[in-house]
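Below, each chain spelled out in residue letters.
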Amino acid sequence: MGAAPKTRGGGLRYDACVIGAGADGLAAAATLAKAGLKTIVVERGERPGGRLVLREFHPGFHASPFCDVLAPIPAEIFWSLDLARKGVVPSSASTSLAMWPDRSHVLRWPSPEQSLLRQAARLAEETRLRAGRDAESIPRRPLFAPAPAPAPWPGDDWLTAALTDKVAREVGDPDAAAHVMALALQGRAADPFLRGSALHLLAHGGSGLVTRGLAGALADAAREAGAEIVCNAEAIDIRQARDRVCAIGLADGSQIETRAALSTLDLKRTFLSLFHWDALPKPVARRVAAFRMAGSTARLLLALDRLPGLDAASMRAPIHVAPDPAVMAEATAAWRSGVVPQHPPLSFRIVSASDPGLAPASHAVMTATLGCIPFRLFDGAWTREKRDLLRDRALAAIESVLPGTMARIVAAELIVPPDIEEALGATDGDLWGGEIAADQMFGFRPGFDIAAPRTPLAGLYLAGPSSPAGPLATCGAGTIAARAMIADLGRPR
Amino acid sequence: MSGEKVRATPFHARAASANRDNAWSARNGVTLSSFYDDAGDEALAARSRVAIADISWRWRAMIEGPRAGEFLSRLLTRDPMKLDPGSALKALWLGDRGGVRGAGAVARFGRESFQLISAAPDPEWIAAAASSFALVPRDISQTEGGLAIVGPYARATLAATGLDVELEPLTFRKLFWRGLDVTLSRWGEHGGYEIWCKPDDGVVVWDRLIRAGLPFGIAPAGLAAMDLLDIEAGIARPGRDYAPAREAFAKAPTPLALGLETLIDDEHKSFNGRDVWLAARTTETRRLAGLEFDGDTPAPFTPLLHDGKAVGHTLTSAFSPALRRAVALAQVDTAAAQPGTVLSLTLPSSMDVPESRKDTARVVSLPFLPAPGQIAP
Amino acid sequence: MSARSYDAVVIGAGVSGLTAASYLAKAGKHVLVVEARNKLGGLSETAPLGEGFSVPIAAHALYALDPRIVKELKLARHGLKFAVRDMALVGLRPGGKHVVIARDVHATVRNIAIHSKADAEAWPRFRHELFALARALRPLWWDAAPAKPLPQAGREKLDRLGRVSAAAWLDSWFESDALKATLAFDATAGIQPFEPGSALLLLWRAAQEMCGLQGAAAVPFGGSGALASSLAAAARALGVEIQTGANAVKLLVQDDRAAGIALASGETIAAGLVLSSLSRRRTLCGLAPAGAAGLETVAALCDERKTVGQAKVLLTLNALPAFNGIAVPQDARFVVADRLDSYAAAGAAARAGRLPDELAIEFVVPSAADRALAPPGQHIVSALVRPVPFAAAAGWETMKVQLAAKVVAALEAHVSGLARHVGAAQVLSPADIADRYGVGDEGFDDIHVLSPWNSRTMTPIPGLFLCGAEPVSAISGRAGRIAAALALRAEDRR
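Residues numbered from 1 in each chain as written. Chains lettered and ligands numbered in written order. Predicted model: local features only at pLDDT ≥ 70, side-chain atom pairs only at ≥ 80, totals over all residues. Heavy atoms only, no water.

### Some details on the interface of chain B and chain C
Here is step 1: Between chain B and chain C, the residue contacts involve 17 residues of the former and 11 residues of the latter.
Here is step 2: Surface buried jointly by chain B and chain C totals about 1,100 Å² across both partners, of which 52% is contributed by carbon and sulfur atoms.
Here is step 3: Inspection of the chain B/chain C interface yields 1 salt bridge.
Here is step 4: One salt bridge in this structure joins Arg101 of chain B and Glu296 of chain C, with 3.6 Å as the shortest N-O distance.
Here is step 5: Here chain B and chain C share 6 residue pairs in polar contact (both at pLDDT 80 or more) between them.
Here is step 6: Of all the secondary-structure elements, those providing two or more residues to the side of chain B that touches chain C are α3 (68-75) and α4 (123-131) of chain B.
Here is step 7: With 3 residues, the top contributor of residues to the side of chain B that touches chain C is α4 of chain B.
Here is step 8: Classifying every residue of the side of chain B that touches chain C gives 7 nonpolar, 4 polar and 6 charged. (Contact = heavy atoms within 4.5 Å. Buried area = accessible area lost by both parts, 1.4 Å probe. Salt bridge = Lys/Arg side-chain N within 4 Å of Asp/Glu carboxyl O. Polar contact = N/O pair within 3.5 Å; in protein donor to acceptor, adjacent residues only side chain to side chain. Helix = DSSP H or I, 4+ residues; strand = E, 2+ residues; numbered from the N terminus. Nonpolar A, V, L, I, M, F, W, Y, C, P; charged D, E, K, R; others polar.)

### Some thoughts on the nonpolar core
Here is step 1: Of all hydrophobic cores here, the largest spans 96 residues; its most connected members are Leu201 and Leu218 of chain A.
Here is step 2: One finds Phe126, Leu170, Leu202 and Trp204 of chain C within the second-largest nonpolar core, a separate group that totals 63 residues. (Core = buried A, V, L, I, M, F, W, Y, C linked by side-chain atoms within 4.5 Å. Buried < 20%, exposed > 50% of the residue type's maximum accessible area, 1.4 Å probe, protein only.)

### What about the packing of helix α10 (residues 280-287) of chain C against helix α11 (residues 295-303) of chain C?
For any two helices packed against each other, the geometry comes down to the angle between their axes and how far apart the axes lie.
Residue and element names in this part refer to chain C.
Here is step 1: Orientation of α10 relative to α11, taken along the N-to-C sense of each, is 120°, at an axis distance of 9 Å. Between α10 and α11, the crossing angle belongs to the class labelled oblique. In this structure, α10 meets α11 at a crossing whose hand is left-handed. Listed contacts from α11 to Arg280, Arg281, Leu284 and Cys285 of α10 are Val298, Leu301 and Cys302.
Here is step 2: Counted by class, the contact of α10 with α11 contains 5 nonpolar, no polar and 2 charged residues. (Axes fitted to C-alpha atoms, helices over the stretch in contact; angles between N-to-C directions. Parallel < 35°, antiparallel > 145°, perpendicular 65-115°, else oblique. Left-handed = near helix turned anticlockwise from the far one by under 90°.)

### Looking at unusual backbone geometry
Here is step 1: The linkage connecting Leu366 of chain B with the following residue, Pro367 of chain B, adopts the cis geometry, with an omega of 0°.
Here is step 2: Cis geometry marks the peptide bond from Arg386 of chain C to Pro387 of chain C, where omega comes out at 5°.
Here is step 3: In this fold, Pro387 of chain C is placed in strand β18 (residues 379-389).
Here is step 4: Within the chain, Asn28 of chain B stands out as a residue other than glycine whose phi angle is a positive 50°.
Here is step 5: Residue class for Asn28 of chain B comes out partly exposed when judged on its relative accessible area of 30%.

### A few points about the packing of α4 of chain B against α11 of chain C
Here is step 1: Where α4 of chain B contacts α11 of chain C, the two axes come as close as 8 Å, and the packing angle between them is 75°. It follows from the interaxial angle that α4 of chain B and α11 of chain C lie roughly perpendicular. Packed against α4 of chain B, whose contacting residues are Trp125, Ala128 and Ala129 of chain B, the element α11 of chain C presents Leu295, Glu296 and Ala299 of chain C at the interface.
Here is step 2: Of the residues in the contact of α4 of chain B with α11 of chain C, the class split is 5 nonpolar, no polar and 1 charged.

### Remarks on the environment of Lys39 of chain C
Residues and elements named next belong to chain C.
Here is step 1: Within the secondary structure, Lys39 sits in the loop between β2 (31-34) and β3 (46-48).
Here is step 2: Counting along the chain gives 189 residues from Lys39 to Ala228, while the straight-line C-alpha distance between them is 9.9 Å.
Here is step 3: Leaving out residues up to four positions away in the same chain, Lys39 has contacts with Glu45, Thr46 and Ala47.
Here is step 4: Here the side chain of Lys39 touches Thr46 through a polar contact of 3.0 Å, landing on its backbone oxygen.

### Here we look at the sheet that holds strand β3 (residues 30-33) of chain B
Backbone hydrogen bonds are what pair the strands of a sheet, in a parallel or an antiparallel way.
All names here are of chain B.
Here is step 1: Read across the open sheet, the 3 strands follow the order β1-β3-β2; overall the sheet is mixed. Edge strands, defined here as strands with exactly one partner in the open sheet, are β1 (7-8) and β2 (24-27).
Here is step 2: Two strands pair when backbone bridges link them, and β1 and β3 are joined in this way by 2 bridges, in the parallel orientation. In the sheet register, Arg7 faces β3, and the bridge partner there is Val30. (Pairing = 2+ DSSP bridges.)

### Topic: the packing of aromatic side chains
Here is step 1: Per the counting criterion, the structure on display carries 18 aromatic pairs over all chains.
Here is step 2: Grouping aromatic residues by their ring pairs yields a cluster made of Trp123, Phe126, Trp169, Trp173 and Phe174 of chain C.
Here is step 3: Above the face of the Trp432 of chain A ring, Arg188 of chain A is positioned so that its terminal group lies 4.2 Å from the ring centre. (Phe/Tyr/Trp six-rings, centres within 6.5 Å; stacked < 30°, edge-to-face > 60°. Lys NZ or Arg CZ within 6 Å of the ring centre and 35° of its normal.)

### What to know about the sheet that holds strand β13 (residues 298-304) of chain A
All names here are of chain A.
Here is step 1: Spatially, the 7 strands line up as an open sheet ordered β7-β6-β14-β15-β16-β13-β17, and their pairing is mixed. Each of the sheet's edge strands pairs with one partner strand only, and the pair in question is β7 (104-108) and β17 (409-415). Across the sheet, the axes of successive neighbouring strands diverge by a mean angle of 20°, strand direction being ignored.
Here is step 2: As defined by bridge partners, strand β6 (residues 95-99) adjoins β7 across 5 bridges and the pair is classed as antiparallel. Counted as the bridge partner of Thr95 is Arg108 from β7.
Here is step 3: The sheet contacts of helix α5 (residues 174-184) involve β6, β7 and β14 (319-321), and relative to β7 the element is tilted by about 65°.

### Notes on the interface of chain C and chain A
Here is step 1: Counting residues at the interface gives 22 residues for chain C, matched by 23 residues for chain A.
Here is step 2: Both sides of the chain C and chain A interface together cover about 2,100 Å² of buried area, and 53% of this is carbon and sulfur.
Here is step 3: The largest contributions to the chain C side of the interface with chain A come from Arg160, Arg163 and Arg351 of chain C, which together make up 32% of the buried area.
Here is step 4: Across the chain C-chain A interface, the total number found is 2 salt bridges.
Here is step 5: In this structure, Arg195 of chain A engages Glu195 of chain C in a salt bridge whose closest nitrogen and oxygen atoms are separated by 2.7 Å.
Here is step 6: Where the side of chain C that touches chain A is concerned, the elements lending two or more residues are α5 (152-161) and α12 (340-351) of chain C.
Here is step 7: The greatest single-element share of the side of chain C that touches chain A, amounting to 5 residues, is contributed by α5 of chain C.

Structure, rendered in structure tokens:
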């Protein structure tokens, strides 16, 4: 062994080290720093923001490579981080469009179909609050002591409901029903007829737009509160001393000494890349291995030289192409077998209509989100040909409802699950940190004996998409974890 | 394109020209005047003279067929089979677990023909329930316009138009009125009458009534005034004053908590949710109470405190010019619902008065004011 | 019209109805059982097919018959004897390397090792945990109200298992498709192996006991029809009256309580206790007065349309060739299913109204152990296929021919030459089964595997009970036994 690893911070010990400067990480850092804890955030990428970061995929054209929409930011976090003054406008969904070659359907807020989505949003909010309460009320217990009998979670009766049944009860018109289902399953792979698929309505991708300023505003909030953010610093190792977290090892060989660490990476990434497999306690290793994660999202970024011919309201709306639950079911079956579906569920959006700065004048940026795209194909890797095939299928689908689009394309970039894994560090390209299934939601997400954000390893906390509030709210899981850490760590020394 | 469209009622043309401030609201998918000139004056007119109000927004469905009576008997908390054709009764309908889903009236048009009227529509649930009886309810809300004529001089006004008809409360009659087919009814709570006509005849009906009522000081009354009359009469309406049980198998709100237990007939042995109602009677801890505020500011859906403890919340609230103070209907724990109890609340802040202020309210027995010239049902 | 009066009337003389009636009679009640058909037995019916053959129309193996019923009603004395006591589970695989899961753990391990060493190593642990968990959960399923609540750790495990899909659970134990697909067939009863709660079906199955053996499947001499006759004999010995050709069409209600039934003939039977072995839907939507069970409940029940069901294919063979590949016992329970994914694809196809390309089949050869079912040297095959569409887009009559052909082809792949020996074939679609027996048309959620017996057996109408409400659709009688107990208890309380 050579010299002792260089320690950052000039030998100072941090109270909390947050791994990952995405929405959860930055919100957690802001909360921790405001409580007076010495906080540092380490981020692998060049800039903070995670999936909030926009990329210039063609000169002059910007778009988010991963998602257009986020789960809503809870109101109290929005105000406590003072995001409004930093220029973030809480966008509320006003219209959603479903288009077939011969007809279309509009969902407007408020409307009868919306009662179901509002119900789902209310349940998601209650679940998030419940996760927060659980995190704050669970006292520290010895490892693997049995948890107290859990009270039922607000969304429990959605666990075994099929999406088609839930929607059919409230929405009579088949087009409207298909539209609502497409909204819930955007980017995902799930058979809406199977029981348990109604969970996707509770934990759907969201409707709040990823605005350009959000990443910057969150980073500013964290810095203003006193947290340090270090980019181009990849955490590769969590070091323990006397069975407690004591330091985070970075890729460049240095380490950050800290009393506690918060990982906003997904479950598998946290435990499999930051620990040695043998060093994990058996129950933890087993749970991590059994936690199912599978990427299903592909993104297509298009630069157009002219605005498509849509009316003003539709320009800013997400447009779901020919939604059909039977097609979704078949696409899911194909995805399960590692086959790219013939008709992957697809939604697109002209993001530059909501934020004109994303494209040069009189040009447009269109992004498309595809679901049921496997991470691993049954016949090998994602070659150039397979990517082009998928891209052409997606473009044909868009062309079928918006003729003339293909002629306007200046540049196109396809991002498939392996690319997402590489860029975001999301295992298997799973943007939601784990299958949205009955045995992996609410109290069972991720399902340690002690509920997240605490893990069975003292000093290690988990936020991010693999925690109960992860798929339900943006910044929610990070804030819950931060509060738990503050409660556990007490006042700073 | 789908999505709820807002329609005009058959009286819209006249309402628009009378609506001085262009103040409109939407209710149940139709556009109605919130007020024409001043809501307080309109309410006073309805109480002391005569007023007409557009009630085309009420949801109406025809239930016709061999098992219509059987179905409605199981649906409603009072038995419509006892009705003679031409009369009506007021009742509730409850969900399977006892939550109040709807309140309204049912009118018998014939042996196998009934009309259900309510402030809040519940078409899908009623259609699903009716399907077990091989019935398909027919929504006729858009096939007729309705005008209410309210006030002590309502009868006189109608007589002056040529509709000199002796009509008992809760009855109705189809009439041929100087060339028009109309139905005249007395289903409302305010002692007045209602005229139902074909959409095309709306303007004519309106003009006839206004002309005939001029000597009595007739005025059109908007939604605000009519809602105020409802509050002063102590009637909570579904959709406006409380959220009816809309989720499947909901238990709340119970009839007792809304002061609607008078609409349940103890002799009616089998109606939906009866067993739960009987059990809830003993376990319901809240009652509907009327509150008179000390100040002028209404406070809807505001929590109420008694001795520092939360005891309930207001439902709907408005300023009553007749009482010259703000009033509210509220759901309050039984112990705190005795007339004379003083409750405190924090008034909601507004643009004009941003800081929050406290107010006190006294529980009074309902109704706040007796209906103008009304006979109790 | 004549009106007769009893203490209790039971609708349906199947296993559930006869069991319920027997226990009510044992408690001293005067009981009448009415059966619409001219034959007793319900789902446990053995009927002739062609010359000299008897086939099990619906249930072809028993795995959930409550041993307490066998003992307390002395069914052995009334003629119930078993031809096969402990059927092995055989997954027929292409290439002849079949999966054979028998009670002998070592033999099973050796067999699984052909497919995967890791799976073979995991098998004993899996089996142990499955059987232990199942035994721990037995009180939940075997008793109306378990005397002891489950321990904390058990409740958590149960909570989690209640949410896990069979596919995810099997994936967490094993890697080979051969083993997983074979085991998953049992998790397709009314549910799909990818749906939450399907893992419980495997547990439920393992919690049963036949002939003293946990998780066993058995075939009685004379087919499942013999079970019906022994039960009928036991019932009659206890004083139960059984009337066939009596179709109950209406439930009579007085003062909001059940008061008896009316038959199609116009007769009325007065009884303070009415037990129905028909499905919840047929009872509350068809028999009970409209809306009497709650308008929302009835509307929801009546609205349900089953899209997916199971079909039976019955074949007579004038000879049974040997099975290809490794030796397998002929009296086993055979499963033909390719991969876990095929169940998902089959489900999607069935929902769309089409026969799946790859069928999932369970079949038995009852004549292998019970020679009396067929002439000497000849055999019958009873095949259960699920999922299949409940209502076919093109109509079931054409689909029956296709289904029979597909089943024969699937069997031919493992038993070369079988197709030549097929004599008669009979196919029953899901609707046929539902119409014939009055069950099988309700959704799965109604009878969730973990819901307490009260919620399954009692109805919103006092005095009316469901005696056929098993958590999993299977011949068991347990629901009848428990319904009788709950009915007696409710009566005592009055």
